[in-house]
Amino acid sequence: MSDMYDLLNPESLSENYVRQLRQTIDAYLPQHVFVGEVLQNALDAVREAPSGKHKIDICIDFDSSEVSIRDDAQGFPNEPRLLFLGGGRKDGKKLAGQVGVGLKVVLFSSESFTIRSRTADGSFRFTVDNACDFDKAPDDRPTFAMPRLFEQDHSPLGTLGTEVRYRFRSESKVLQNYFQEVQEEALPRGLRSDFIQTLANAVQSGKFPNRFAALLACDLKRFSYLGMTGVPDSLKDTAVTVTVRCSDPFAILGDELGELFDGGTEFTFQSPVGYLEMTESASWARPPKPALYGQNLGAGGVDLPKVQNGFNVTEYRTAADLELLLTNARGKLPEEIESFKRNLFPRINFVRLTVARIPHFERYLPGGSQRVFSANGVVTRHSPDLTKGRNQQYVRCFDMVVDVDAELNYGKTHLKNMRLVGLLKSFVNEAYRSTIQNAASRFVGKTDPFEEEERSVSFWSRVDLLRPELSLRKVPQDENDVIALFFELTGMGKFPEFRWYGLSQRDRYDARAVIQRAGESVEILDSPTEAALRVVEFKIHAGSITQDFDREDKVPRDIHLLVAYEEGESRSPQFQFLDIDDSDTAMRAPERIFPHVKRVLKDTQTGYEVQVLLLQDCLEEFFPPPPPPPTAPEDAIDD
């Protein structure tokens, strides 16, 4: 046996491959693992098939946690190497799949995985069991032998195409995580969410058999690969049929989602390929429906008239169109215009802008309005991070898609080219400042910067904090409460290691402070320099910041300290909470630990740790309950 490593054959480095595979799986969103990745493969296969009408059939069986997806394209090739991580042959084709990863993510998340294919050269099938155990200890890990060619399928598919069938373990969190995201994105207030009415409209109009079918279709069209922002001609006639089976929706999916089955346990519906926008969902409404307008905004947005019940949709494709979106009321363009013309406009496929009132967006779109970037139709998790413009209350009065010709990263959630991302964010900010905010203010009239629910929040009925030492009487329910509690404790001398240099609602992060850490002397507080300023972020629940990380609104490495009332749960498997004693920070640089920090939030991909200060724990430390009164001896005599 050779004592040399072959850099092109990492069999002897299998543990590195296993770790890389686990990190790759953790980078994928739950909806992509559940149904999105295999659906994306089917869509790509249809795009490469001969022209004509095609169909994709999806079957979701909640009883067995099994999903099957079948297409009628040219069939998966008999090339087992394509099931290796990174094995793929889509480079340069501008398809949703690029690097040959997604199918492997599903395979290694499954208890059972079967692929069947019929091509012009024949039929084959391949099954893998217990692939989800790939990262167990080496002695407990199954073997995954793979033939050079897949074996013949003796019961072949009836037509050319591919069928992928996979089942998750009953204890797997794939389904749980997926539907948790569905509820958070589409139904933030449960069955009281405004979007519930649109689900009912969809059923009453005959589009869907029940409200759960409508919810699933809307989620797939807004947050998965089915929702392509620009539908290529090869997919415009493709019929996507979804069948759902669930014998006990309440037991399996919970009361709220179970209610949306409307008494059904098995049903089928169809959905076209395409991103869900108000033009589609508002069409399901009963009269009087909001009217669709296509009025140009004009320089500075001054040409858009006020409308009581409607929404305005405009699209921009040419460089001249894009310049109009950046032209203010005085006819001037932003300073970056030449950079946009040279480096950005040639990459933009189109911009589609919908202007409407906030209540309309909340009613007709799951999660309300969004500002998204997509890459050749595939929606990313980037956020424009709007900071420019005087009237920030109008940000939620427009829904925007900017589609660019660009490549996606491994998890297909972000663009690879971060310089392009920076240009896109700058472009959207300038468009908002130049035209969109004015157009929105004219179209919807004066808007309250707070939602109706926020204006009517009950303060008196909040849970009592039960801390008589404090002037804050209620348990924090808002980020402002957290800030107020922290600074009240500071005024009581509980945080002498902090010196504050300002808070801001306009900056990307909440505050800056000089903080005396474990290994530093008090001189850092008495004679500070700008280099000593630390970035501090405030949250109600520490775990909620992972959503900001996923959207790239905030970057873990930028934040030195996260102050929260309580820990909550991480919304992303990429980020995990650890005790400070178990952290790399405590092991490698204990002198850098901030005072009162007992937890860290770790990025499992980069290893970076954000230190977390939890005020709920601090209250227990600062104001311990009084000791119980002494008990009388059992033999004491009551005089």
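Residues numbered from 1 in each chain as written. Predicted model: local features only at pLDDT ≥ 70, side-chain atom pairs only at ≥ 80, totals over all residues. Heavy atoms only, no water.

Structural notes on the pairing of strand β11 (residues 348-355)
Consecutive side chains of a regular strand alternate in pointing toward one face of the sheet and then the other.
Okay, step 1: A large share of β11 lies buried, amounting to seven of its eight residues.
Okay, step 2: Sheet analysis places strand β10 (residues 310-316) next to β11, joined by five bridges and oriented antiparallel. Counterpart to E315 in the pairing with β11 is R352.
Okay, step 3: In this structure, β11 lies alongside strand β14 (residues 398-404), joined through seven bridges in antiparallel fashion. Paired with F350 across the two strands is D403, which belongs to β14. (Buried < 20%, exposed > 50% of the residue type's maximum accessible area, 1.4 Å probe, protein only. Helix = DSSP H or I, 4+ residues; strand = E, 2+ residues; numbered from the N terminus. Pairing = 2+ DSSP bridges.)

A short note on the pattern of salt bridges
Okay, step 1: If you walk through the whole model with that rule in mind, you get 35 salt bridges.
Okay, step 2: Across the pair R222 and D399 runs a salt bridge whose closest N-O atoms are separated by 2.7 Å. Within this pair, whereas R222 is found in helix α6 (residues 211-223), its partner D399 is found in strand β14, the two being separated by 177 residues in sequence.
Okay, step 3: Of the residues examined, R222 reaches a relative accessible area of 1% and is grouped as buried.
Okay, step 4: Judged by its relative accessible area of 1%, D399 falls in the buried class.
Okay, step 5: Between K554 and E537 there is a salt bridge, with the nearest N and O atoms lying 3.2 Å from each other. Of this pair, K554 sits in the loop between α17 (545-550) and β18 (561-566) while E537 is found in strand β17 (residues 534-541), placing the two residues 17 residues apart along the sequence. Pair check on accessibility: K554 and E537 agree, each one buried.
Okay, step 6: Salt bridges here are not isolated pairs; linked through shared partners, they connect E66, E111, R116, R125, D133, K136, D153, E163, R165, R167 and R169. (Salt bridge = Lys/Arg side-chain N within 4 Å of Asp/Glu carboxyl O.)

Digging into the confidence of the model for the protein
Okay, step 1: Taken over all residues, the pLDDT of the protein has a mean of 87, while the share at 70 or more is 90%.
Okay, step 2: Every residue in residues 95-99 scores below 50 in pLDDT, and together they form 22 contacts with partners more than four places removed in sequence or on other chains.
Okay, step 3: Confidence over residues 449-456 falls short of pLDDT 50; this stretch has seven contacts with residues more than four positions distant or in other chains. (pLDDT = per-residue confidence, 0-100. Contact = heavy atoms within 4.5 Å.)

Things to note about the sheet that holds strand β9 (residues 291-293)
Okay, step 1: The mixed open sheet is built from six strands, whose spatial order is β9-β10-β11-β14-β12-β13. A strand with exactly one partner marks an edge of an open sheet, and here the two such strands are β9 and β13 (378-379).
Okay, step 2: Alignment of β9 against β10, held across three bridges, turns out to be parallel. Its bridge partner being in β10, A291 is matched across the sheet by G310.
Okay, step 3: In this fold helix α13 (residues 418-444) packs onto β9, β10, β11, β12 (371-375) and β14, with an angle of close to 150° to the strand it touches most, β14. (Axes fitted to C-alpha atoms, helices over the stretch in contact; angles between N-to-C directions.)

Digging into the sheet that holds strand β7 (residues 239-245)
Okay, step 1: Spatially, β5-β4-β3-β6-β2-β1-β7-β8 is the arrangement adopted by the eight strands of the open sheet, whose pairing is mixed. Looking at the sheet topology across the chains shown, the edges are occupied by β5 (151-152) and β8 (266-271).
Okay, step 2: Here strand β3 (residues 112-119) runs beside strand β6 (residues 161-167); their pairing, made up of seven bridges, is antiparallel. From the neighbouring strand, S117 faces β6, where its bridge partner is T162.

What about the packing of helix α11 (residues 337-344) against α13?
Okay, step 1: Their axes nearest at 11 Å, the elements α11 and α13 cross at an angle of 135°. Our classification of the angle between α11 and α13 gives oblique. As α11 runs across α13, the sense of the crossing is left-handed. Where α11 approaches α13, its residues S339, F340, N343 and L344 are matched on the opposing element by R419, L420, L423, L424, S426, F427 and E430.
Okay, step 2: Of the residues that constitute the contact of α11 with α13, the class distribution is six nonpolar, three polar and two charged. (Parallel < 35°, antiparallel > 145°, perpendicular 65-115°, else oblique. Left-handed = near helix turned anticlockwise from the far one by under 90°. Nonpolar A, V, L, I, M, F, W, Y, C, P; charged D, E, K, R; others polar.)

Notes on the side chain of D153
Okay, step 1: Looking at the secondary structure, you find D153 in the loop between β5 and β6.
Okay, step 2: The exposure class of D153 is buried, given its relative accessible area of 4%.
Okay, step 3: At 3.0 Å, the side chain of D153 and the backbone nitrogen of S155 are in polar contact.
Okay, step 4: Beyond its immediate stretch of four places on either side in the chain, D153 contacts R116, S123, F124 and R125. (Polar contact = N/O pair within 3.5 Å; in protein donor to acceptor, adjacent residues only side chain to side chain.)

Examining the packing of helix α15 (residues 479-491) against helix α19 (residues 615-622)
Okay, step 1: Following both chains from N to C, one finds α15 and α19 inclined at 30°, their axes separated by 11 Å at the closest point. Taken together, the axes of α15 and α19 are roughly parallel relative to one another. As for how α15 packs across α19, the hand of that crossing is left-handed. The segment α15 lies against α19, with V482, L485, F486 and L489 engaging L615, L619 and F622.
Okay, step 2: In terms of residue class, the contact of α15 with α19 is made up of seven nonpolar, no polar and no charged.

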